[in-house]
Amino acid sequence: MDSSTNSKEAIEALKSNYRREIEAAASYQNLADREKDPQRKAILDKLAKTELDHAEKWAAKLKSMGVNELPVVKETVWRKLQRNSSNLATNLERMELEEHRNIAAYENQKKFNDQEWTELLDEIEADERKHASSVRALMTGSGSDPQRTLDLLWSRERWHKRGGTGWVGDAVYGVNDGLGAVFGIISGVAGFSSSSQFILISGLAGMISSALSMGAGAYLAAKSNREITEAEIHHETEEIKADPDHEREELELLYQLKGFTEEEAKMVAERITQNPDLYLKTMLQEELGVSEEQFPNPWRSALSGSLSTAIGAIVPIIPFFFLSGYPAVITAAIVSIIAHFLVGAGKSLVTVRTWWQSGLEMTVVGVIEGAITYGLGFLGSMLIHH
């Protein structure tokens, strides 16, 4: 064994391995506890047990290096909120990504040139790849029930194409819009004038207009989306009734384009057309890319959009209720930049990106936005006063 294996870096790497396996086991076990399907629950239970076995192996390796006190692994509030606010498809997608991250981390540890360690890494990496495959299988359902599989596939596609993130996602993006819009307004006005009252009134006006605009936009978008989807469902239903042979031929051709042989496509179409509800759902999804499920509620969209936008918009304004002059402007800038980071981090609740990457990206955007609008306001002030 190379002497570098006893280094602080090596021990920290092993502790990190132990933590990630314990966290993965807890995540899989939580999903298993929430799963109602016995077959899927058994798969998730097995994944959790395997991750615990991995943790025990890393614990044994640490002990062989003289480390007897293992890291205490507690689930953070953030991780719990992230998991509980996401649907099954999102949690599984996040776990698949974690498995690949673990594989990459383990591959990097082969630099320590420890034969026993490397063999353990190879063994656990192989398990992690199997886990990623198992998670992918869970994403598209298990067993031979085509209805269940198609429903889960459609659920995943709604996540990618329609942002099926639920109320958490809507709230995060609404706060994001309100914060960005009003921060830009007060930055520009602050560059033009140091009057706190002028900035406060401008910010409040921006908050109200942004909230109303977002609410109206969300209402109209949801209403239009619902009406268009209902019209497409109606037309497709009528076409299936009027000319079922033609629609079945379309379905067969669609599956042939996906790589099925002519015989396989006919067999799949035959199975699907025996179930009228499944037939309609399949044609809507395959031919039109829409689903008859989960129609958006226009009023709920409007309320969610307005309130979340107003919450984000009020943040840059708050300092001007208590301070004046440049202290208010500086405090508002600091508060807004911090808020940008927190909102960006909040996006990780509905994406698979890490919280710090998302938060840092949003912070950079906020800084650039504030600098540009402040500069334009300052330039406008110089031109007018001249």
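Just so you know, these numbers come straight off a predicted model, no measurement behind them.

A. The overall build of the protein, seen in detail. Within the protein one finds 14 helices and zero strands. When burial is assessed residue by residue, the protein has 42% of its 386 residues classed as buried. Long-range contacts, defined as pairs at least 24 residues apart, comprise 75% of the intrachain contacts of the protein with a sequence gap of at least 6. For the protein, the accessible area works out to roughly 20700 Å², and carbon and sulfur atoms hold 60% of it.

B. How the structure looks around a nonpolar patch on the surface. Taken together, the side chains of Trp355, Trp356, Leu360, Val364, Ile368, Ile372, Leu376, Leu379 and Leu383 present a nonpolar region at the surface, about 940 Å² in accessible area. Using a relative accessible area of 56% as the deciding quantity, one classes Leu376 as exposed.

C. Highlighting the pattern of salt bridges. For the structure on display, the rule yields 16 salt bridges. Between Glu35 and Arg40 there is a salt bridge, with its nearest N and O atoms 3.4 Å apart. With respect to burial, Glu35 and Arg40 carry one shared label: buried.

D. Examining the packing of aromatic side chains more closely. Evaluation of the coordinates by the stated rule reveals four aromatic pairs. Centre to centre, the rings of Phe112 and Trp117 are 4.7 Å apart; their planes meet at 5°, and the pair counts as stacked. Looking at Trp117, the relative accessible area reads 0%, which means it is buried. Judged by centre distance (5.5 Å) and plane angle (85°), the rings of Tyr255 and Phe260 are edge-to-face.

E. Structural view of the side chain of Asp127. You can see Asp127 is positioned in helix H5 (residues 115-139). One buried charge, Asp127, has no salt-bridge partner; the nearest side chain with opposite charge is Lys130, at 4.6 Å. The residues contacting Asp127, other than those within four sequence positions of it, are Thr50 and His54.

F. Representation of helix H2 (residues 38-64) within the structure. In this model, H2 (27 residues) spans 39 Å end to end at C-alpha, consistent with the 39 Å of a helix rising 1.5 Å per residue. Regarding H2, the residues found buried are Arg40, Leu44, Leu47, Ala48, Thr50, Glu51, His54, Ala55, Trp58, Ala59, Lys61 and Leu62. With a side-chain oxygen positioned 3.1 Å from the backbone nitrogen of Gln39, the residue opening H2 is Asp37.

G. Structural view of the nonpolar core. If you look at the biggest cluster of nonpolar residues, it comprises 17 residues, and the most contacted ones within it are Leu14, Trp58 and Trp117. Elements that contribute at least two residues to this core include exactly helix H1 (8-34), H2 and H5. Ranked by residues supplied to this core, first place goes to H1 with five residues. By size, the runner-up hydrophobic cluster in this structure holds 14 residues, among which are Phe183, Ile186, Ile199 and Ala313.

H. Just the packing of H2 against H5, in detail. Across the interface, H2 lies against H5 with an axial gap of 11 Å and an inter-helix angle of 165°. Judged by the inter-axis angle, H2 sits roughly antiparallel to H5. Relative to H5, the crossing made by H2 is left-handed. Facing H2, whose interface residues are Arg40, Ile43, Leu44, Leu47, Thr50, Glu51, His54, Lys57, Trp58 and Lys61, H5 presents Glu116, Trp117, Leu120, Leu121, Glu123, Ile124, Asp127, Glu128, His131, Ser134, Val135 and Leu138. Looking at the contact of H2 with H5 residue by residue, the class counts come to ten nonpolar, four polar and eight charged.

I. Quick look at the packing of helix H8 (residues 196-242) against helix H12 (residues 298-314). Where H8 meets H12, the closest approach of the two axes is 7 Å, and the angle between their N-to-C directions is 155°. Between H8 and H12, the interaxial angle falls into the category roughly antiparallel. The handedness of the crossing between H8 and H12 is right-handed. When H8 is examined against H12, the residues Met207, Ser210, Ala211, Met214, Gly215, Ala218, Tyr219, Ala222 and Lys223 are found in contact with a partner set consisting of Pro298, Trp299, Ser301, Ala302, Gly305, Ser306, Thr309, Ala310, Ala313 and Ile314. Considered class by class, the residues forming the contact of H8 with H12 number twelve nonpolar, six polar and one charged.

J. Molecular detail of the environment of Leu342. Mapping Leu342 onto the fold places it in helix H13 (residues 325-346). Given the relative accessible area of 55%, Leu342 is considered exposed. Remark: the alpha-carbon pair of Leu342 and Met362, spanning 20 residues in sequence, is separated by 8.6 Å.

K. Focus on a negative patch on the surface. Together, Glu239, Asp243, Asp245 and Glu249 give the surface a local cluster of negative charge. In this structure, Asp245 sits in helix H9 (residues 244-257). Under the relative-accessibility criterion, Asp245 is labelled exposed at 63%.

L. Main features of unusual backbone geometry. Within the chain, Asn113 stands out as a residue other than glycine whose phi angle is a positive 60°. On the secondary structure map, Asn113 appears in the loop between helix H4 (88-108) and H5. For Asn113, a relative accessible area of 53% translates into the label exposed.

Rules of the game
- Residues numbered from 1 in each chain as written.
- Predicted model: local features only at pLDDT ≥ 70, side-chain atom pairs only at ≥ 80, totals over all residues.
- Heavy atoms only, no water.
- Helix = DSSP H or I, 4+ residues; strand = E, 2+ residues; numbered from the N terminus.
- Buried < 20%, exposed > 50% of the residue type's maximum accessible area, 1.4 Å probe, protein only.
- Contact = heavy atoms within 4.5 Å.
- Areas by Shrake-Rupley, 256 points an atom, 1.4 Å probe, with all protein chains shown as cover.
- Patch = residues over 30% accessible without salt bridge, like charges linked within 9 Å, V, L, I, M, F, W, Y side chains within 5 Å.
- Salt bridge = Lys/Arg side-chain N within 4 Å of Asp/Glu carboxyl O.
- Phe/Tyr/Trp six-rings, centres within 6.5 Å; stacked < 30°, edge-to-face > 60°.
- Lys, Arg positive; Asp, Glu negative; His and termini not counted.
- Expected span 1.5 Å × (residues − 1).
- Polar contact = N/O pair within 3.5 Å; in protein donor to acceptor, adjacent residues only side chain to side chain.
- Core = buried A, V, L, I, M, F, W, Y, C linked by side-chain atoms within 4.5 Å.
- Axes fitted to C-alpha atoms, helices over the stretch in contact; angles between N-to-C directions.
- Parallel < 35°, antiparallel > 145°, perpendicular 65-115°, else oblique.
- Left-handed = near helix turned anticlockwise from the far one by under 90°.
- Nonpolar A, V, L, I, M, F, W, Y, C, P; charged D, E, K, R; others polar.
- Charge placed at Lys NZ, Arg CZ, Asp CG, Glu CD.

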